[in-house]
Structures are given as C-alpha cells and as structure tokens.
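# Summary of structural features
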Amino acid sequence: MQPSQIKRSFLLYLLTAISLGAMAQGNFSPYSQMGIGDLEDGFYNRTTGLANTGIAYRSNRFLINNNPASFSDLANQYFTMETSLRGTFIGYKGTPVDIGSTQSADITFRRLAMGIKVSKHWGTSIGLVPYSTENYEFNVPYAIQGSGTEIANHFYSGHGSVNKAYWANSYEFFHHVSIGAEAGYIFGQLNQKDIIQAGNGATQVSTTNDVNLQNLYMTYGMQVYGNIGKHWSWGIGGTFSNKADLLASYNKLVLGADSSTLQNNELQQRYLSLPNSYGVGLSLTHNQHFTWVADYRYQDWNAVQAKNIYPGQDYSIASSERGSFGFEISKKKTFYNNKVELSYFQSGVYYGNSYLQINGQQIKDMGITAGFGVNSLKTPLAYAITFNYGIKGTTKNNLVRENYFNVNFLINYGAIWYTKGKKFE
Amino acid sequence: MTIHKYPRKKLLFLFSSLLAVFFLTSCQKQPTLRFGNLYTDDNNGSNVVVVDTSTVLVSTIYSDSTFTDGTGFLMAGTYKDPILGTVTSRAFFQITPPAGLPSLIPGINTYDSIGLVIFFKKNNPWYGDTTSLQNYVINQVDTAYQLSPPFLNGYFSNSDLRINPDKLGETGPIFIYPSRLDSAPLTSQGISDTIKIRLDQSLGQRLFNMVYSNSDSINNPTGFQNWFHGLCLSTDGIGTGGTGAIYGFKDTCLMRIYYRTAGVFAQQYIDFNITQKSLAFNSIRTNYDNTALKIIQKTTGYYGQTPQAYPSKATGNAGYIQPITGLNVRLRFPTIKSIALRPDYIGLLRATLTVRPVPDSWSTTWRLAPQIGVYTTDQNNLLGTPVPASGLSGAQTGGLVVDYFNPQNAAYTYDVTSFVKAIITNNATNSDSLGLILTVPPPNNVADFRRVVVADQSFQVNQRTTLSVYYISLFPHN
C-alpha cells in the first residue's frame, strides 16, 4: 500500500465518521423514541443481498462482519476496504399518520470497514458501523395546566445515533476452524427535544435531554467448515456478544423563548445494559457456485429489562429474535488454475421480532432481499447493489406500519499489501 | 507479471460520490405523524403552568386635581352618573378683539346684536345621556384671569374663577347629537356643528361703542383682558329629559358683534376670538354623595403629594378609573412571589393582566374608556413608567373588547411580563409595595369623562380582574 492510499483511506474514514453523525437527519422512525433507538439489523456488506445472513459465511475478498471469525478467510496479504450507503423509501400507514404526508426518503452512509490478512492464518478488520439511530418528530397539542381553555403544543423530536467502532481479529486452526473476537466501542449521543410552542408556532420554552452513551461491547465468533466430497462444502457458525453496561450521561438544558438558559443540569449517570446476544448460522455450497445460508439471532433483552431505565413510558423491552435465509449464485472463471469470481446474484428472506413491545404488540420486521454484484478484473474495485423490501410494525392498536424499500450500494476496494510496492495479478 | 496501474479516475469518482451523498443526506421530506405522545414521559420535559389565582388588590387612587388647561376642548355640562354621582364641568376662557377693528361712522353704522358661537365637532369628547335637553349659559368672569398665585402653575380641574352671577346669555333647551351622520346637523339649532348663544344687548352695545370711540381698552388686548377678564361656559344643571351630559366644544369659539351699515344689506360683524388657549381650562366638580365613593376625602393637597388609596372593599368592591376627575386604579399582587417558590418553578414565561369592568356598570350611555394604559407605581401611588409588552416598546392601551350582549366578556388585556419578572423574585424591602396603575393615557386623561369600574376579586372568577402568570415548570430530576 502506497502512502497516498493511506491518505485516501484516512479521508474516507473521516467522511464516514462525519456522515454517521448526519444519519440522524434521515427518515423518521416513530419507534426510535423508545429504548435506545432503532437497533441496526443490517451489516451492509456482501451478505446484505442474503437478508444479512452470514454467520457461517466466509469470503476471501469481502469483509463479513456478521461473524468476527470470518476474517481469517481473507486472501493472503490482501488489504480490503468497504463502504456502504443506503437509499431508503418509506411509506407510513396507520391511524397516527396524516394522510397528507405519508412518505419519506433519504440516503445515508451506513458503514466503513477495512481488513487485512496479517499472516497466513490471521485476519483482522476495523470498522465503523451504526448501532442504533433515533429520528422522530411529532406534535402533541395539550391544555396548559391551570387553564381550562388554553391550548399549546408540544413539539417532540429526537435525533442522534449510537455507533460502534470495532476491531476484530480471527485466527484459523487446522484449516477447518476459525475463532474470532471483536472489541467494539459503542458511543454516541441521543438528543431528545421538547419544544413548547404558542398558538402561532413561536417557541416558548425548549427542553433538551442529551444522553451520551459509551462502553465496550465484546463479540465472539467461531466458524467450522469443510468439504463433503468434491462438490459440496459446508459451514457452521456461531456468535456471542457479552452483555455490557453502557454508561449513560444525561444532560438537561432548558432554554426560554429568548434562548436564555433557565436550567442546565448534568444529571446522575446511569447504566443502560446491552444484553447477551446469540447467533447461529449454516452455509452449504455446491461447486463454489450455489450457496445456501441460514441464520438465527437472539438478544436476551428480558434479562436486562429490570436494570434499564429508558426514556418514555408505557412500552416495554422484550427479547428479540431474527431468522433469515439466503441463496447465492456465484459466477466464476478460472485463471491459471485459480477460480476468480466475476459476479454474483443473491436473494433472501427474513423475519424478526424487535426489542420493543408496545400496546401488547411486539414490533415485527420482515422482508425480502435481492442483490447483484460485479467484481472488476481490470481494477481493484468490486460493486454490489442490493434491493430490500420490508414491513416493520403494524397498524393494530393505534401503531404505525412502515413499508420500506432499501437500495444498498457496496463498494469494495482490494489490494495486495506487504509486497514492497509490487502488486501481482 | 505486471506492475498494477492504480485507477485514479475511479478513486476520484468514489470520493466525489461519497461527498455528494454526504450533502444529500439532508435533502428529504418527512411524513406528519401524531405518534408518540402516549409514550412520552410527561415529567421529563418542561411544561407551562398558568396560575391565575394570585391575589389582586384593587384600590382607587384619588388625586384632588388634574391639569385641565389647554386641553383643546371647552367641556361644559352636568350629568348624574348612577355610579360616580354628579359631575359638573364649566369651561373658562378668554377672548380678544381683532387686530384690525373697523372704523365706525356715526349715523352710518348702527349696532345690531351680540352672540357667542361655539362648535361641537364630530368626534369631540362627550359623555352622558344625549337625550337630555341642555341649556348652555354664558357668564362673564369677574376676576383677574392670569397666571399669578394661586394659579402660578396653571389651571387645574379644581381651579375656579369668580363669575358675575348675571347671565350674559343662554341657548335655551337644545339637543346635541354627537353620533349623527356627517350630513345632518349636530345640534337641534340646525346649523351644522355650530351653537349660537345670544348675549346681553347692553354688553354688545358697550363693546360697539368702544369700537366706535376707538377705546384704549379695545385697541389693546392686554387692556381688554384686564377689563373684560373672560367668559365661563356652563349649563344650568343636568337639563330635562335625561340624566345630563358633558360635551367638549372646540376651543375655537368666538364672540361676534353684528352691526349695520346704511345702504349695505350684507351681514357685518366684528369677531372676538378665543385667546391664550393654554389658559382655557375646565373646572370640574364631583359629588359622590350616595355613591360608593362617598368616603373619598377631597382635601386639597400640594402638587406631587402622595394620593390616597381607597381599597376596593371600601368602595363597593371595585376600583374606579376616570382620571379627569382624579380617579385611577392601583393594583398590587401580594402573593405573586409564592409562585417562584414552587418546587417546579424554573422561570417566568409571560404574565397577562385581564382587567374586567363590573358588568352592569357600563352601557351605551355610560361608555367604557376605549383605552386604559398600565403604568408602574410604588408606595407613593404616583404614576410611573408605562409597562411595555414583551419585545415591544411604548405604552399598552388594553385592546378593549366590548360585548354589549355579554357584558361580562368586556375586558382590557395587558402583557405585564416585564413587570412580573421584576417583582416575582425581587427580595428588596420595598418590593411588596410595587404595583400597577391603570389610567387613561394622554391626552384623553384630561379631556374625556369615559370611565371604567374595575371588578375586584369579590366577583366570580370570569368577571374579576385577574393576573395570569405563565411559568415554566420542571420538576427536579436526579
């Protein structure tokens, strides 16, 4: 890798870091006012077209951050960098939705990651990914306390994101087992604002609650893989994330109509617990051409429910789970006895229960995916585009259902490293 | 094996795309959702709480006099207000001969008559019962009319000049129609806005002779005023057919001597115009017998002394605003500081003062003052500075809402945020004496009899004067 490449990589990282902050400007997500926001289910990598199914998936070119054990499969001395962005179109349905405005769209950065095969059996990766996001706004007219007739308006809004910077390492043993560990640093700020407006919309007072979250979050993974005869290969994977207490620092700022500070208090720090998370996955590949994958993930929010004090009221946290299945067709060509992938097609389905239970309804998320990727032979780049249609939530019990359509773009850059400037094809 | 060429164009494209996306993140529309209010913690954010139960102490401040000279109006009449009793106003003014007097020739010019012409213009002030027949009377002032003790500082409402009890003239019973259309005459004399009063013939003859003889007293204005002094316009009581009224006439009246010239048919006259308008004043007398204000002591004080305050409990559970007769209302708020002591109080948002007239105290006859200003005051009960609305400058006038069908809805409303902000957390020893004065703003404070009877807190909630304090509430959090 040349010094100029290092500069470019640094610039990319910087851009992404800034953009992760800007993600809060995206589509409204009404359920994000609860808990610590909308938890991110996607990995925005090669497995996105497989409904993010990839706990047992391995790749010698792409960074499969579904399981930290996967990085040992990177090609020797291979440096790779990936970035992803997503365009989302959402249609909202339900009683709380104003029929005059039911759609929104945005486009946001989702991920930046780098990885390298440090030695023959050791792969490593660093990256920055969203962990949860909060983005909502709504108005609540209310009668001023003490007055029987006067109406004012609460304009509630919440913006912010919690991100994860990680460093993952994996090591391969006996050519059939890979073990990995990911040290994630969760950090971010959720900004909740309550603006009281007069009848003419003028701000009378605003209360801003900032919650800063941070702590380490460890994830461990393992993959076992092998061949069955000449044509079939198999893989089994598992992940485990150890529960962690996020240190939550609260600050409450109250500003008057003239923006004068009425109160600015740092409140007592608390901990918000992230639960134990489990995941298992399977993969089956035929002739390096067809691949079937399946995942099941489970987060034990019930176990940490009592400890957590989340913003808001009248909803509860429940253990979440997600099942997914994917199928991939990979088109390869043989060069000098090596099979090189030219393109691939993916599809997948998923179904899950989120960690929010509102009005007796656990918020469900389900959908289908399809993706297509091309690996350039003339350049070190690979591209993929993935489509995802899904349904989240329900219109029952006065809730909101989101019908969303995502278009994900993945750009992968790869180069041979540690060759003293010479690259080989 | 070949050395790989790095694809610079593609990398440039990649970076450009990323930059473009970064800027596009804010370019999106959003739905309108009414979701989430059930799940919002009410105590997490601040709220607005209104307290409209603060004690408002209403008092009537009585000043024994007001400046009524040079107001631009000669106010004359008497009315009997069912609430404020009998009010009488007499106008004193001076006239002066014209600069160029005609040369009169014996046998050719002969005296005819003399009269006073006064004008009631549209929109001039008036108050009372317009169905009363009024008889306007003119008397000659019988004393020196000049700025010398006791009138060194000008003339006040309680000033008086001795007059010759013999009338110089009177209109006889007439009506004035102040609300008539422009095309119709405003008086029953039928001459547009003009009222003519025939004056004593002997006075006219004497003045005619003085002109004829080129008397020094009529050639010299000062000499004329030393001799003639001035005139007093009044009525002989409340009149007949009603409860009386006071009308304000323009201070452009004139005294006219009519004479004839042999062989000339055209009307000829000499006009004596009003002069020294700044010394023309209205002398006002009130009689509070058999009213709630009968306890008021009308002692004559010195200029600037502390006017006495009469609590509303002693004056029929009301305060009274009629500054031309010396009545203003003071408001105090003895419990307002307790709001700031509430555990959830973190700041004042705004404060609104609603002044409500006693519902049956006003009507189309006993009209409300259209503008009432709000001013600061202290323990001296003197008028302070106007209380401006938040973010604005200048005095407020209350924005009177009149509803004749639902008189309890009539109200003057003020933004008194700046005043409440100054006292709600004020621990100075004299802060409890700070208050507000309600009065008619200039110039009507000395040229208008329209009044307000302010309801105190003995009235039911929606008919009393209230102070609504909107404060920002936030309960303590750990």
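Note that the coordinates shown come from a computational prediction; the quantities given were computed from them, not determined experimentally.

Right, let's get into the nonpolar core. Considering soluble globular proteins, one finds that nonpolar side chains tend to be buried as a cluster. Residues Leu74, Ile246, Ile321, Leu438, Val454 and Val469 of chain B are the most contacted members of the largest nonpolar core, which totals 121 residues. Ranked by residue count, the leading element in this core is strand β18 (residues 345–355) of chain B, at six residues.

All names here are of chain B. The domain architecture assigned to chain B consists of domain 1 (49–64 + 299–473) and domain 2 (73–285). Placing the centre of domain 1 and that of domain 2 at their C-alpha centroids yields a distance of 39 Å. Its residues assigned to classes, the side of domain 1 that touches domain 2 comprises seven nonpolar, five polar and four charged.

Another point: the sheet that holds strand β17 (residues 327–332) of chain B. Residues and elements named next belong to chain B. The antiparallel open sheet is built from five strands, whose spatial order is β15-β2-β17-β21-β19. Of all the strands in the sheet, the pair left with one neighbour each is β15 (308–311) and β19 (373–377). This sheet shows a mean twist of 35 degrees between the axes of neighbouring strands, independent of strand direction. As judged from the five bridges shared by β19 and strand β21 (residues 435–439), these two strands associate in the antiparallel manner. Each residue of the ladder has a partner; that of threonine 376, found in β21, is leucine 436.

The next point concerns the confidence of the model for chain A. Summing up the model confidence of chain A, the mean pLDDT is 87 and the portion of residues at 70 or higher is 92%. This model gives residues 20–24 of chain A a pLDDT under 50, and the stretch forms 18 contacts once residues within four places in sequence are excluded.

Moving on to helix α2 (residues 201–212) of chain B. The α-helix advances 3.6 residues per turn, and as a result positions three or four apart in sequence lie on the same side. Residues and elements named next belong to chain B. Between its terminal C-alpha atoms α2 stretches 16 Å, which fits the 16 Å expected from 12 residues at 1.5 Å a residue. Along α2, the residues classified as buried are Gly204, Leu207, Phe208 and Val211. The arc enclosing the buried residues of α2, seen along the axis, measures out at 100 degrees, which places them on a common side. Asparagine 214 occupies a position one or two residues after α2 and carries a positive phi of about 55 degrees.

All right, on to the environment of tyrosine 250 of chain A then. All names here are of chain A. With respect to the element layout, tyrosine 250 can be found in strand β9 (residues 244–256). Judged by C-beta crowding, with 17 C-beta atoms within 10 Å, tyrosine 250 ranks as partly exposed. Filtering out sequence-adjacent residues up to four positions away, tyrosine 250 remains in contact with Asn209, Val211 and Leu267.

All names here are of chain B. Taken in spatial order, the four strands make up an open sheet running β1-β23-β18-β20, and their pairing is antiparallel. Edge positions in the sheet fall to β1 (47–51) and β20 (412–415), since each has one partner strand and no second. Here the strands of the sheet are splayed against their neighbours by 25 degrees on average, with no regard to which way each runs. Bridge count between β1 and strand β23 (residues 466–473): five bridges; the pairing is antiparallel.

Parameters at a glance
- Numbering of residues begins from 1 in every chain and follows the order in which that chain's sequence is written.
- Each chain takes a letter, starting from A, and each ligand takes a number, starting from 1, following the order in which they are written.
- For this predicted model, a pLDDT threshold of at least 70 governs which residues receive local features, and a threshold of 80 or more governs which side-chain atom pairs are given and counted, while totals over whole chains, interfaces and linings are taken from all residues.
- Residues of type Ala, Val, Leu, Ile, Met, Phe, Trp, Tyr and Cys that are buried and joined through C-beta atoms within 7 Å form what is called a nonpolar core.
- Counting other C-beta atoms within 10 Å of each residue's C-beta, where C-beta atoms are placed from the backbone, gives the exposure class: buried for 20 or more, exposed for 12 or fewer, partly exposed between.
- Numbering of helices and strands runs from the N terminus; a helix is a DSSP stretch of H or I covering at least four residues, while a strand is a stretch of E covering at least two.
- The start and end points of each domain follow an automatic or database-based domain assignment.
- Each residue gets one of three labels, nonpolar for Ala, Val, Leu, Ile, Met, Phe, Trp, Tyr, Cys and Pro, charged for Asp, Glu, Lys and Arg, and polar for the others, Gly among them.
- Any two strands with at least two DSSP bridges between them are considered paired.
- To define axes, lines are fitted to C-alpha atoms, for helices over the stretch in contact only, and angles between the resulting N-to-C directions are given on a 0 to 180 degree scale.
- Per-residue confidence from the predictor is given as pLDDT, running between 0 and 100.
- Distance between backbone-placed C-beta atoms decides contact: two residues are in contact if it is within 7 Å.
- Each helix should span, by expectation, one fewer than its residue count multiplied by 1.5 Å.
- In this description, one arc is meant: the one made by directions from the helix axis to the C-beta atoms.

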